[in-house]
Amino acid sequence: MSQELVLEGRLESAKTTAWWLYVIHAVSFVFSLGAFSIIPLILNYLQRPSTEGSFVHSHHTWMIRSFWWYVVWVVVGAVFFMTIIGIPVAWLIWIGAWLWKAYRLIVGISRINRNEPAPV
């Protein structure tokens, strides 16, 4: 006997919306290094209140935090880039931020596919 989680229609719709927001964040991240992620970020802020009390709420929070921390690290890298000595450090920060953001997107997508909350 297999166990299957059946989600109500509204929760399934919220999960699908969050999944697509992950995809849009990922596409923006790959093709513009996250510059166009502002669009799904706004949608995350708009969708999050309607998912209060469900596991999908944590995914919106996860994506929002991922975006803002990525921005922080890109700016920190830019500050280091302004000095000649800091350019190698800036590249290390940017590479680290890119890998971290990729990790967050992969973890989020895999957890939402398993109907698990994001680890916020």
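Residues numbered from 1 in each chain as written. Predicted model: local features only at pLDDT ≥ 70, side-chain atom pairs only at ≥ 80, totals over all residues. Heavy atoms only, no water.

As annotated in an unreviewed UniProt entry, the protein chain is Transmembrane protein from Duganella dendranthematis.

Q: Just to check I follow, could you spell out the packing of helix H2 (residues 38–47) against helix H3 (residues 55–81) for this structure?
A: Between two packed helices, the angle of one axis relative to the other and the distance separating the axes together describe the packing. Taken N-terminus to C-terminus, the directions of H2 and H3 make an angle of 140°; their axes are 9 Å apart at the nearest point. Where H2 crosses over H3, the handedness of that crossing is left-handed. Listed contacts from H3 to Ile38, Leu41, Asn44, Tyr45 and Gln47 of H2 are His60, Met63, Ile64, Phe67 and Trp68. Classifying every residue of the contact of H2 with H3 by side-chain character gives seven nonpolar, three polar and no charged. (Axes fitted to C-alpha atoms, helices over the stretch in contact; angles between N-to-C directions. Helix = DSSP H or I, 4+ residues; strand = E, 2+ residues; numbered from the N terminus. Left-handed = near helix turned anticlockwise from the far one by under 90°. Contact = heavy atoms within 4.5 Å. Nonpolar A, V, L, I, M, F, W, Y, C, P; charged D, E, K, R; others polar.)

Q: How should I be thinking about helix H4 (residues 87–113) in this particular structure?
A: Each turn of an α-helix holds 3.6 residues, which means side chains three or four residues apart point in the same direction. Between its first and last C-alpha atoms H4 spans 39 Å; for 27 residues at 1.5 Å apiece the expected length is 39 Å, and the two agree. The set of residues buried in H4 consists of Ala90, Ile93, Ala97, Lys101, Ala102, Arg104, Leu105, Val107, Gly108 and Ile112. One or two residues past the end of H4 sits Asn115, with phi positive at roughly 60°. (Expected span 1.5 Å × (residues − 1). Buried < 20%, exposed > 50% of the residue type's maximum accessible area, 1.4 Å probe, protein only.)

Q: Explain the UniProt feature "transmembrane region" (unreviewed entry) in the protein chain to me, please; I cannot follow it from the model alone.
A: What UniProt calls "transmembrane region" (unreviewed entry) maps, in this numbering, to residues 20–46 and 67–94. End-to-end, the C-alpha atoms of residues 20–46 are 14 Å apart, and along that stretch the chain is 81% helix and 0% strand. For the annotated span residues 67–94, helix accounts for 82% and strand for 0% of the residues, and the straight-line distance between the end C-alpha atoms is 14 Å. (UniProt positions renumbered as here; feature names shortened; annotations may be inferred.)

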